[in-house]
Structure formats: structure tokens, C-alpha cells
Amino acid sequence: MFQTAAGVTVPFPEKLSEQYQRDGDTLTCNLSFEKLPDFVRSFYAELEEPLFLAIHPDAESGEVWYLDGMTKKQLTLILDGYGELLYQDGLSAFAIGSLATEEELFVQKYKVLSLYSPQNGRFEALLERFGVVPTAHLVTAWDTFSAEYPGSASRLEIAGQTVPDMIRELQKIGMYKG
């Protein structure tokens, strides 16, 4: 059964499948929540350093915070400390990418994933390794919403912290507002 993050409510999760759809250089996909942390790590393991982390504390606002110039080891340390919060929170979105190649994974609101690479097909094998298969028509969380059955997203607190708290902590090591 398709799982969603704790901070996300999708009215009909049974309509979602682990699939991806290509649109130019971007692959948009659904991934069941329990696979997200391993997928994120596998994604950035394939990237060329230096890496960046971009956090949108409210996915629907234009506010973005950046931490860049990182190694894979540094990013792993940050995700070991704050990953659960990023993965579970319903209001935020985040991206991880390579400053060298501009390849990027964007974990959008409702945890819909977008993978960008100018190298055609670069991440299809990774998606398929996680059981995500191609489709001509991707049904995302947004497609399940209606006036009668809206989705919802909520701010979570994990281990006494929220995403805004995390951003304040990461500013101490160079996170800046874009």
C-alpha cells in the first residue's frame, strides 16, 4: 500500500502508484514514503560534489534557504540530524543537487518528487531500482484532491524541532536566505 508522510493527508492514496513520467529533462514521480530516506541518499550518492541543500519552509511561498558547497559526507551528517523532519513535515519542501552538474532532486509539497538532469535517462535506473516504473500519465497527490475531498499538509514537530527551528540551527554553519 502506498504510504504518505505523517504531515501529509491524501484523500485517496490508493489512486497513487510508484510511477514516473518524463517531461523534457525532468522526471516527476511518486515514491511510497517508507522508501524516501534511502532514495534521497542513493540519489545524492550519484552526484558530483560540491552539493547543495535548499529548503522551502513553506512550499507555497517564495522563501528559500540554501546551504551549499557541501561534500556528500557533510550532507549525510545534516540528514542524519534533520532528515526525519524534512521527510515527514507536510508544509515544507526541499531540494538536493550538484553545483557542478546542476542535477537536482526536488521533494515538493505532498512529497511528489522531481528529478532534473540534462543527461537524458540519467536517473531512470535509480527509480526502477526503487520499484518506480515509467508511465505516460502520472497521477500525483494533487490529482486526488477535490472540493469535497481536499488534501492537507501540516507543520510537524519532531524531537522538539520544526523546519523553521532547523533552518535557524543550520544558519550557524552557513545556511543563507536566497
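Structure first, text after, so check above.
Our subject in this report is the structure included herewith. (Residues numbered from 1 in each chain as written. Predicted model: local features only at pLDDT ≥ 70, side-chain atom pairs only at ≥ 80, totals over all residues. Heavy atoms only, no water.)

### A few points about the pairing of strand 4 (residues 51-56)
Taken across its 6 residues, strand 4 has 6 buried, putting it largely inside the fold. Burial along strand 4 is two-sided: Leu-51, Leu-53 and Ile-55 and Phe-52, Ala-54 and His-56, pointing in opposite directions, are all buried. Where strand 4 and strand 6 (residues 93-98) come together, 6 bridges link them in antiparallel fashion. Within the sheet, the bridge partner assigned to His-56 lies in strand 6 and is Ala-93. (Buried < 20%, exposed > 50% of the residue type's maximum accessible area, 1.4 Å probe, protein only. Helix = DSSP H or I, 4+ residues; strand = E, 2+ residues; numbered from the N terminus. Pairing = 2+ DSSP bridges.)

### Considering helix 1 (residues 36-45)
Residues Leu-36, Phe-39, Val-40, Ser-42, Phe-43 and Tyr-44 constitute the buried set of helix 1. Here the buried face of helix 1 lies against strand 4, helix 2 (72-88), strand 6, strand 7 (104-107), strand 8 (113-116) and helix 3 (124-129). (Contact = heavy atoms within 4.5 Å.)

### Overview of the nonpolar core
In terms of nonpolar packing, the biggest core is built from 47 residues, with Leu-53, Ile-55 and Leu-115 touching the most fellow members. Counting residues per element, this core draws most heavily on helix 2, at 7 residues. If we ignore the near neighbours within four places in the chain, the residues touching Leu-53 are Trp-65, Tyr-66, Leu-67, Met-70, Leu-75, Ile-78, Leu-86, Phe-94, Ala-95, Ile-96 and Met-175. (Core = buried A, V, L, I, M, F, W, Y, C linked by side-chain atoms within 4.5 Å.)

### A short note on the environment of Glu-14
Inspection of the secondary structure assignment puts Glu-14 in the loop between strand 1 (8-9) and strand 2 (19-23). Taking the relative accessible area as the measure of exposure, Glu-14 reaches 58% and is therefore exposed. As for Glu-14 and Met-1, which are separated by 13 residues in sequence, their C-alpha atoms are 7.2 Å apart.

### Describing helix 2
At Tyr-82, helix 2 shows its maximal kink, close to 70°. Here helix 2 has its buried residues at Leu-75, Ile-78, Leu-79, Tyr-82, Gly-83, Leu-85, Leu-86, Tyr-87 and Gln-88. Elements in contact with the buried residues of helix 2: helix 1, strand 4, strand 5 (65-70), strand 6 and helix 4 (163-171). (Bend = angle between axes of the 7 residues up to and from the residue.)

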